[in-house]
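Listed here are the chains, written in short residue letters.
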Number of protein chains: 2
Amino acid sequence: MNHHDLALIGFGGVNRALAEIIRDRGEALGHELGFTLRVVAITDLRFGSLMQPDGIDLDHVLNLPSSASFEGMPGGAAIPNNDHVIRQSSADIIVEATFTNPVDGEPAISHVRAALESGKSVTTTNKGPVAIARAALNRLADENGVRFEYEGSVMSGTPVLRFGRETMSGLWINAIQGILNGTSNYVLGKMEGGMTLQAAVAEAQELGYAEADPTADIEGSDVQLKVVILANELLGADLTTADVERRGISSLSAADIVQAAAEGKRWKLVGSVTRDEFGRVSGAVEPIALSPDHPLAGISGATNAIAFTTDLLGTVTVSGPGAGRWETAYALLSDIIAIDAHQRALVGAAL
Amino acid sequence: MNHHDLALIGFGGVNRALAEIIRDRGEALGHELGFTLRVVAITDLRFGSLMQPDGIDLDHVLNLPSSASFEGMPGGAAIPNNDHVIRQSSADIIVEATFTNPVDGEPAISHVRAALESGKSVTTTNKGPVAIARAALNRLADENGVRFEYEGSVMSGTPVLRFGRETMSGLWINAIQGILNGTSNYVLGKMEGGMTLQAAVAEAQELGYAEADPTADIEGSDVQLKVVILANELLGADLTTADVERRGISSLSAADIVQAAAEGKRWKLVGSVTRDEFGRVSGAVEPIALSPDHPLAGISGATNAIAFTTDLLGTVTVSGPGAGRWETAYALLSDIIAIDAHQRALVGAAL
């Protein structure tokens, strides 16, 4: 049976959920997937860093009080020296789930680069490094014979990137339309019920859906990053965020929404990628009033969805969760499964 | 570059569409997928059989008048000797798309068995052999070191089997609900508009959606076969059609449908698979009045969809076409891609 040693960079909700999955069902997963998992390093802003090449007791670290520190534990230190841990740990897979700035993709881009340079594969849930530096990081992974995987960068664990790239292989995807932000979709649903934008945002914040600063959700810059990722990953484009026109839902009035409802239509914040007749790929983020027969018209609340327009199948739509700690932890697990499969293929070819 | 020789068993709409795809974009697909395709044998009830180990001129056979025969062509014969062609042709992949009886799965089961016994992989679009003999045929494929693939047996080319089995690997699927028959879904939509069942069926027949005998669509036995396939393939069950309770849409009255619409609900013919708390898997086919927030409520007309209930992701739904010659031909192509990938993995491991 194969085996992988993991280093968890960041020990917040998502990586803690992954640690719980490994603790609680690692053995069952091993039987199903043909490999075992062990965590040999963890870094975190609060706890510091911990390197134990023989495997960290996950139950112990998961039950530490939030005021605790890794300092004093064998292999522990008060400071989360991410770069050192990524380069020096015995892990073969780095699990990157830090809080990262979506504008410059840091510190995640540096983490990914350090991992790939030191011959370790990476799975990340951060959109930033994928939207900003995907091509360069994929090249670096190839040069080092390892993998850079990022299923969770779009729609958390709902496997839309792998679906578009692998499950639909042999099809030509000519267009993509997606509802890719749960907060704005929730807010639009509330506005259909008569609430103002401001009241709906406040309610989403109370429920924990929306950030304290909801600008990235409401004004579409979160979706803009995802459109860049989809265009480059699935339609072979080379777009940057500046290439993607963006209009958020704050441009909609309550009257717009009432009028659309009267016509049987529903406003949605749609991220779209289109290939024109000359093969040029463009992207856009904008509110669109969708007819009820549009495959995205029924996508409500926190659910996200992508409709792929293909040559042979017409439109195929995948909907599922777009956020959540378990859902995003599954994205990491699905990347680890892909890294394992790729290593087996390499080993097979090299034998 | 890898290469595959195909034998097409049946030369009706679906296999003709596959032949057109190979003729028109075989080269482009080769660059994308890393293998080339050639058709070296065709059998058909009308045309007879044709075996040309150096490759059949697809443009020529696609343009034959429907009254023509393969007799007189090099390697041609008036009689479609399927078993002989399957066993003797130089093809490494048999593409099975005959008209097959869903009750006993013949002649497709015999075709698949002959192919696997003679060391050839198989792709089929027929539900019968998969619902009736899947486990035995998969064992026979394993024993002969080849593959039995059948993505098109559920939802034509929309890759729901591969999605559930591979794209969602590592998840535990606890339940499946699907709208798996376009004819009954079209008829229900018309009944919502006030039409009687009989009138809606007649309209579907005029439009070519429904068969001359629509019983299998309307009474749910088509969906029943698909439920068996989904239960056995994705939830590890060992069900037969007799295990799956079945009730069709003829049990619904116009009043039922009007009343549901008044409550904001929509009747759909739902095929479902459920794993209970003891791990037992059961299946059913029945009309259900779905609330508007159910992921299948918005699936209209000829579109099909499956909602997977999983442990870590909750509900993930895939919708797309459930029929059509191009769509079903893509199912065959996706199986050929899978067979090629499996052969590469075997070669890699054996080197």
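Here is a short report on the structure shown in this document. The model shown is predicted, which means the values in this text are computed figures rather than measured ones.

### Some details on the sheet that holds strand 1 (residues 2-9) of chain A
Residue and element names in this part refer to chain A.
Right, on to step 1. As summarised here, the arrangement of the seven strands in space is 4-3-2-1-5-6-7, forming an open sheet in which the pairing is mixed. On the outer flanks of this sheet lie strand 4 (76-77) and strand 7 (148-149), each paired with one strand and no other.
Right, on to step 2. One ladder, built from two bridges, connects strand 3 (residues 48-51) with strand 4; its direction is antiparallel. Across the sheet, residue Ser-49 finds its bridge partner in strand 4, namely Ala-77.

### Remarks on the relation of the copies chain B and chain A
Right, on to step 1. Mapping chain B onto chain A calls for a rotation angle of 180° and an axial translation of 0.0 Å; the resulting RMSD is 0.0 Å. The transformation relating the two chain copies, once decomposed into turn and shift, fits a two-fold axis.
Right, on to step 2. A symmetric contact is evident, with 100% of the interface residues of chain B recurring at the interface of chain A.

### Concerning the pairing of strand 10 (residues 266-275) of chain B
Residues and elements named next belong to chain B.
Right, on to step 1. Where burial is concerned, most of strand 10 is hidden: seven out of the ten residues are buried.
Right, on to step 2. As defined by bridge partners, strand 8 (residues 173-179) adjoins strand 10 across four bridges and the pair is classed as antiparallel. Residue pairing for strand 10: Gly-178 is matched across the bridge by Gly-271.
Right, on to step 3. Pairing of strand 10 with strand 11 (residues 281-290), which is carried by ten bridges, proceeds in the antiparallel orientation. Following the sheet pairing, Val-270 is matched in strand 11 by Glu-286.
Right, on to step 4. Where strand 10 folds back onto strand 11 in an antiparallel hairpin, the turn is made up of five residues, including Gly-279, whose phi is positive at roughly 90°.

### Some words on the interface of chain B and chain A
Right, on to step 1. Contacts between chain B and chain A engage 35 residues on the former and 35 residues on the latter.
Right, on to step 2. In this assembly, chain B packs against chain A so that about 2900 Å² is buried in total across both faces, 62% of it on carbon and sulfur atoms.
Right, on to step 3. Counting the surface chain B buries against chain A, the share from its top three residues, B:Leu312, B:Leu313 and B:Tyr330, is 23%.
Right, on to step 4. Where chain B touches chain A, the interface holds two salt bridges.
Right, on to step 5. Its salt-bridge partner being B:Arg25, residue A:Asp311 comes within 2.3 Å of it at the nearest N-O pair.
Right, on to step 6. Here chain B and chain A share eleven residue pairs in polar contact (both at pLDDT 80 or more) between them.

### Here's the deal with the packing of aromatic side chains
The geometry of two aromatic rings is summed up by the distance between their centres and the angle between their planes.
Right, on to step 1. Taken as a whole, this structure holds nine aromatic pairs over all chains when the rule is applied.
Right, on to step 2. The cationic tip of A:Arg325 hangs over the ring face of A:Trp326; the distance from NZ or CZ to the ring centre is 5.1 Å.

### Observations concerning the pairing of strand 1 of chain A
Residues and elements named next belong to chain A.
Right, on to step 1. Most of strand 1 sits out of view: six of its eight residues are buried.
Right, on to step 2. Two elements, strand 1 and strand 2 (residues 35-44), share eight bridges in a ladder whose sense is parallel. Bridging from a neighbouring strand, His-4 pairs with Leu-37 of strand 2.
Right, on to step 3. Following the chain from strand 1 across helix 1 (residues 13-33) to the adjacent parallel strand 2, one finds a crossover that is right-handed.
Right, on to step 4. With four bridges connecting them, strand 1 and strand 5 (residues 93-96) associate as parallel partners.

### What to know about unusual backbone geometry
Right, on to step 1. The amide bond that connects A:Glu106 to the next residue, A:Pro107, takes the cis arrangement and shows omega of 5°.
Right, on to step 2. With respect to the helices and strands, A:Pro107 occurs in the loop between strand 5 and helix 4 (108-117).
Right, on to step 3. One non-glycine residue, B:Met155, lies in positive phi territory at about 60°.
Right, on to step 4. Note that B:Met155 resides in the loop between strand 7 (148-149) and helix 6 (160-167).
Right, on to step 5. Of note in the backbone geometry, B:Ser156 takes a positive phi value of approximately 40° without being a glycine.
Right, on to step 6. Position of B:Ser156 among the secondary structure elements: in the loop between strand 7 and helix 6.

### Some remarks on the sheet that holds strand 8 (residues 173-179) of chain A
Right, on to step 1. Spatially, 9(A)-11(A)-10(A)-8(A)-12(A)-13(A)-13(B)-12(B)-8(B)-10(B)-11(B)-9(B) is the arrangement adopted by the twelve strands of the open sheet, whose pairing is mixed. Of all strands in the sheet, those bounded by a partner on one side alone are strand 9 (245-246) of chain A together with strand 9 (245-246) of chain B.
Right, on to step 2. Sheet topology note: the strand 8 of chain B/strand 12 (residues 303-310) of chain B ladder contains six bridges and is antiparallel. Bridging from a neighbouring strand, B:Ile179 pairs with B:Ala305 of strand 12 of chain B.
Right, on to step 3. Contacts between helix 10 (residues 221-234) of chain B and the sheet are confined to strand 8, strand 9, strand 10, strand 11 and strand 12 of chain B, with strand 10 of chain B contributing the most and set at about 30° to the helix.

### Side note on the side chain of B:Thr123
Residue and element names in this part refer to chain B.
Right, on to step 1. Position of Thr-123 among the secondary structure elements: in strand 6 (residues 121-124).
Right, on to step 2. Looking at Thr-123, its side chain comes within polar contact range of the side chain of Asp-335, at 2.8 Å.
Right, on to step 3. The residues contacting Thr-123, other than those within four sequence positions of it, are Ile-93, Ile-94, Val-95, Glu-96, Glu-149, Leu-332, Asp-335 and Ile-336.

### Comments concerning empty space enclosed by the protein
Residue and element names in this part refer to chain B.
Right, on to step 1. Tallied over the entire structure, the rule returns one cavity of 30 Å³ or more.
Right, on to step 2. As a volume, the largest cavity reaches approximately 40 Å³.
Right, on to step 3. In this structure, the largest cavity is lined by Ile-22, Gly-26, Leu-29, Gly-30, Leu-33, Phe-35, Leu-37 and Leu-333.
Right, on to step 4. Residue assignment for the lining of the largest cavity shows that the elements contributing at least two residues are helix 1 (13-33) and strand 2 (35-44).
Right, on to step 5. In terms of residue count, the dominant contributor to the lining of the largest cavity is helix 1 (five residues).
Right, on to step 6. Here the lining of the largest cavity is built from residues that sort into six nonpolar, two polar and no charged.

### Here's the deal with the environment of B:Ala133
Residue and element names in this part refer to chain B.
Right, on to step 1. Relative to the helices and strands, Ala-133 resides in helix 5 (residues 127-143).
Right, on to step 2. Between the C-alpha atoms of Ala-133 and Ala-7, which are 126 residues apart in sequence, the distance is 22 Å.
Right, on to step 3. Filtering out sequence-adjacent residues up to four positions away, Ala-133 remains in contact with Ile-109 and Gly-128.

Rules behind the numbers
- Residues numbered from 1 in each chain as written.
- Chains lettered and ligands numbered in written order.
- Predicted model: local features only at pLDDT ≥ 70, side-chain atom pairs only at ≥ 80, totals over all residues.
- Heavy atoms only, no water.
- Pairing = 2+ DSSP bridges.
- Helix = DSSP H or I, 4+ residues; strand = E, 2+ residues; numbered from the N terminus.
- Least-squares fit on C-alpha atoms with pLDDT ≥ 70 in both.
- Contact = heavy atoms within 4.5 Å.
- Buried < 20%, exposed > 50% of the residue type's maximum accessible area, 1.4 Å probe, protein only.
- Buried area = accessible area lost by both parts, 1.4 Å probe.
- Salt bridge = Lys/Arg side-chain N within 4 Å of Asp/Glu carboxyl O.
- Polar contact = N/O pair within 3.5 Å; in protein donor to acceptor, adjacent residues only side chain to side chain.
- Phe/Tyr/Trp six-rings, centres within 6.5 Å; stacked < 30°, edge-to-face > 60°.
- Lys NZ or Arg CZ within 6 Å of the ring centre and 35° of its normal.
- Right-handed = clockwise from strand over helix to strand, strands pointing away.
- Axes fitted to C-alpha atoms, helices over the stretch in contact; angles between N-to-C directions.
- 1 Å grid on protein atoms, 1.4 Å probe; cavity = no way out; pocket = protein on both sides within 12 Å on 5 of 7 lines; lining within 4 Å.
- Points joined across faces, edges and corners; volume = space filled by probe spheres on them.
- Nonpolar A, V, L, I, M, F, W, Y, C, P; charged D, E, K, R; others polar.

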